[in-house]
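Overview (structure and organization)
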Amino acid sequence: MDAVITLRAFGDNFIYLVRYEPGQAIAVDPGEASGVLCALKEHDLTLTTILVTHHHYDHSAGISDLKKKTGCKVIGPDKRIPGVDQIVEGGQTITVDGLKIEVIPTPGHTQTSVCFLVCPFGDNPHGLLFTGDTMFIGGCGRVFETDMQTMYDSLRTLASLADDTLVYPGHDYTEENYRFALTMEPDNEAVKAQLARIQRNPTPPSTIAQEKATNIFIRANDAQVFAQLRRKKDVF
Ligand code: ZN
Ligand code: FE
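Residues numbered from 1 in each chain as written. Chains lettered and ligands numbered in written order. Predicted model: local features only at pLDDT ≥ 70, side-chain atom pairs only at ≥ 80, totals over all residues. Heavy atoms only, no water.

1. Examining the sheet that holds strand β13 (residues 166-169)
Across a sheet, paired strands are connected by hydrogen bonds in the backbone, their directions being either parallel or antiparallel. The strand order β7-β8-β9-β10-β13-β14 describes an open sheet built from 6 strands, whose pairing is mixed. With partners counted over all chains shown, the strands left at the sheet margins are β7 (93-96) and β14 (206-207), one partner each. In this structure, strand β9 (residues 114-118) lies alongside strand β10 (residues 128-132), joined through 3 bridges in antiparallel fashion. Paired with F116 across the two strands is F130, which belongs to β10. (Pairing = 2+ DSSP bridges. Helix = DSSP H or I, 4+ residues; strand = E, 2+ residues; numbered from the N terminus.)

2. Here we look at the packing of aromatic side chains
Summed over all chains, the structure comprises 9 aromatic pairs. Where F130 meets Y168, the ring centres are 5.2 Å apart and the plane angle is 20°; that geometry is what we call stacked. Of this pair, F130 sits in strand β10 while Y168 sits in strand β13, placing them 38 residues apart in sequence. Three or more aromatic residues joined by ring pairs form one cluster here, namely Y152, F180, F217, F226 and F236. (Phe/Tyr/Trp six-rings, centres within 6.5 Å; stacked < 30°, edge-to-face > 60°.)

3. Some words on the packing of helix α4 (residues 148-159) against helix α9 (residues 223-234)
Between two packed helices, the angle of one axis relative to the other and the distance separating the axes together describe the packing. For the pair α4 and α9, the least separation of the axes is 9 Å and the interaxial angle reads 100°. In terms of their interaxial angle, α4 and α9 are classed as roughly perpendicular. Residue-level contacts link M148, Q149, M151, Y152 and L155 of α4 to A223, F226, A227, R230 and R231 of α9. Class assignment for the residues of the contact of α4 with α9 results in 7 nonpolar, 1 polar and 2 charged. (Axes fitted to C-alpha atoms, helices over the stretch in contact; angles between N-to-C directions. Parallel < 35°, antiparallel > 145°, perpendicular 65-115°, else oblique. Contact = heavy atoms within 4.5 Å. Nonpolar A, V, L, I, M, F, W, Y, C, P; charged D, E, K, R; others polar.)

4. Brief notes about the pairing of strand β3 (residues 24-28)
Consecutive side chains of a regular strand alternate in pointing toward one face of the sheet and then the other. Among the 5 residues of β3, 5 are classified as buried, and the element is accordingly described as predominantly covered. What you see with β3 is no split at all: Q24, I26 and V28 on one side and A25 and A27 on the other are buried throughout. In this sheet, β3 lies alongside strand β2 (residues 13-20) in antiparallel orientation, the contact comprising 5 bridges. Bridge pairing in β3 links V18 to I26. In this antiparallel pair of consecutive strands, β2 and β3, the connection spans 3 residues, and G23 shows a positive phi of 70°. Here 5 bridges tie β3 to strand β4 (residues 46-51), and the two strands are oriented parallel to one another. Bridge assignment links V28 to a residue of β4, and that residue is L51. The handedness of the β3 to β4 crossover, carried by helix α1 (residues 34-42), is right-handed. (Buried < 20%, exposed > 50% of the residue type's maximum accessible area, 1.4 Å probe, protein only. Right-handed = clockwise from strand over helix to strand, strands pointing away.)

5. A word on the packing of helix α5 (residues 174-184) against helix α6 (residues 189-200)
One way to put it is that α5 packs onto α6 with a least axis distance of 10 Å and a crossing angle of 155°. The angle between α5 and α6 falls in the class roughly antiparallel. Along this stretch, α5 crosses α6, giving a crossing that reads as left-handed. Packed against α5, whose contacting residues are T174, E175, Y178, R179, A181 and L182, the element α6 presents V191, K192, Q194, L195, I198 and Q199 at the interface. Tallied by class, the residues present in the contact of α5 with α6 amount to 6 nonpolar, 3 polar and 3 charged. (Left-handed = near helix turned anticlockwise from the far one by under 90°.)

6. Notes on the sheet that holds β4
A sheet is described by the order of its strands in space; here 6 strands give the open sequence β1-β2-β3-β4-β5-β6, paired in mixed fashion. The open sheet has two free edges, formed respectively by β1 (4-9) and β6 (86-87), since each of these has just one partner strand. Packed on one face of the sheet, α1 meets β1, β2, β3 and β4 and runs near 30° to β2. Sitting on the sheet, helix α3 (residues 63-70) is in contact with β4 and β5 (73-76), with an inclination near 145° to β4.

In structure tokens form, the structure reads like this:
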């Protein structure tokens, strides 16, 4: 049984359900409620908790409905998140019914953006990393509320996690990211192979090892190189 159920919203957003024993689930970045409610019913799960990586509408618009219908608790890094019950800060470790979750500080896309690392549990040996709009498969989010150095440092923080950590991003921009990457690193065989693979099977997760091989934003040698790439991608 997969620990993570992947749902889609608004075309390219991902919403995730992490299921843990017995029959409980955590939702990550629910931009919309109806798909989540359907999945909870279909898999016979009770929603206990919502984790929100940042305050943007497409990651939080489902919260009020889900809260009303399930009474779940909402955890996130910013008081701009509608319905947030517990404000967390990067560097904190929280527990949800015994499940250990590290809050990783990743400012850049927004001032308070975080990623959530759900530590291995049950028969799932890998950390599960929810990256919101900080890191995508083969890409990264736009830098709205900080400088480029801050975003670059956040991506390097993610690159330092265990190679086998499973990566679940907030959007599906994978194909576009790999096409852009090949204009910058035309000889990167790992990117070529991934592009071919995702054209057949476009769903997450990625891994930290895969991102280190194919994500040119993480591969950038310093913040200057990163900033150039980010500006080029903004108009790609
Ligand atoms: Zn966003
Ligand atoms: Fe978003």
